[in-house]
Amino acid sequence: MKKKFIIFIIFFCIISLTCVGILISISFSRSNGDSKNTPEATEQVTESATAPAAATATVPAAATTTSVPNQNFVANSSIPVLIYHCVDDNVFGLKDLFVSPKNFEAQMNYLKDNGYTPITFQDLGNLGNFTKPIIITLDDGYMDNFTEAYPILKKFNFKATIFVISGMLGKKDYLTIDQIKEMTDIINFQGHTITHPDLKKMQVQDINKLRDELSKSKSDIEAITGKPVNVLAYPAGSYSNGVISVAKEYYTFAVTTKPGIFKYGTDSNYEIKRLRVKSTTTLDLFIKNLDGLYSSK
Ligand SMILES: [Zn+2]
């Protein structure tokens, strides 16, 4: 009896210990499994939460900022302003100021073939109406602007702006009043002072003279064309903050000779950059200057 009882006790203990062992091992494996799974799960959750979030955050954001609005921005408000002086094969004075009529026509032809729309400063308020707007300017008002440039511009039906020195009208090599009147169908005439002085110096030396240069040239040209003169070209690109503050009394825009592309709405309207076209400007260089603006970069 005693022997049987002891065997039963031993057997019971073995069974119990085995059960306890099994239970412990199960609970261990479970707890191990949990502690292993949790970080993985959180990592996965974190990754899956961040990765698509990051993807959705970056991809559409990048798409919206680099393509859609920028294209609109570039197309609507970055405006190349070309600067010419003489369009003539007969060179007098500084050779750099001359572009041959042949080159001028090739450049205009490029603009036409590549969908540019020449506008004037008066069109800046309605930029949405124009595809690839560009402003063609000619400084000083030389007679070849009428004899050489105007027929080419007419052929393409291109608008352009001529900044005339009002005191030089009718003098040798400069436009006459009649020529100006004849060109007003496509040419917008704007101010380039009366005598082409250094405005930066004049602002320091004689501010009343500066006022006359800006205001009288404006009213004289308006009297000839019957159209508003609200754009000033600083002679030889010389200006200062003092000159700008006087210019603001009479003009809405002022152009410089600083190279670059005018960003309307971003750049100052009184420090408009321009792209100079010279006798040595090849068509390749002309295109490169413009391509800096309309590339997808
Ligand atoms: Zn000039």
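Structure: above.
What counts as what
- Residues numbered from 1 in each chain as written.
- Predicted model: local features only at pLDDT ≥ 70, side-chain atom pairs only at ≥ 80, totals over all residues.
- Helix = DSSP H or I, 4+ residues; strand = E, 2+ residues; numbered from the N terminus.
- Expected span 1.5 Å × (residues − 1).
- Buried ≥ 20, exposed ≤ 12 C-beta atoms within 10 Å, placed from the backbone.
- Arc of directions from axis to C-beta.
- Contact = placed C-beta atoms within 7 Å.
- Axes fitted to C-alpha atoms, helices over the stretch in contact; angles between N-to-C directions.
- Parallel < 35°, antiparallel > 145°, perpendicular 65-115°, else oblique.
- Left-handed = near helix turned anticlockwise from the far one by under 90°.
- Nonpolar A, V, L, I, M, F, W, Y, C, P; charged D, E, K, R; others polar.

A. View of helix H6 (residues 207–225). A rise of 1.5 Å per residue sets the reference length of H6, with its 19 residues, at 27 Å; its end C-alpha atoms lie 27 Å apart and thus fit the reference within 8%. Regarding H6, the residues found buried are Leu210, Glu213, Leu214, Ser217, Lys218 and Ile221. Here the buried residues of H6 occupy an arc of 105 degrees about the axis, which is enough to place them on one side. Opposite its buried face, H6 presents the exposed residues Asn208, Ser219 and Ala223, each directed more than 90 degrees away. Check the buried side of H6 and you find it contacts strand E7 (160–164), strand E8 (187–191), helix H5 (199–205), strand E9 (231–233) and helix H7 (241–250). The positive-phi residue at the C-terminal boundary of H6 is Gly226, with phi of around 70 degrees.

B. Geometry of the packing of helix H2 (residues 101–113) against helix H3 (residues 144–156). It is at 10 Å that the axes of H2 and H3 come closest, and there the two elements cross at 20 degrees. Considered as vectors, H2 and H3 are oriented roughly parallel to each other. Our pair here, H2 against H3, has a crossing hand that is right-handed. Contacts between H2 and H3 involve Pro101, Phe104, Glu105, Met108 and Lys112 from the former and Glu148, Ala149, Ile152 and Phe156 from the latter. The class makeup of the residues in the contact of H2 with H3 is six nonpolar, no polar and three charged.

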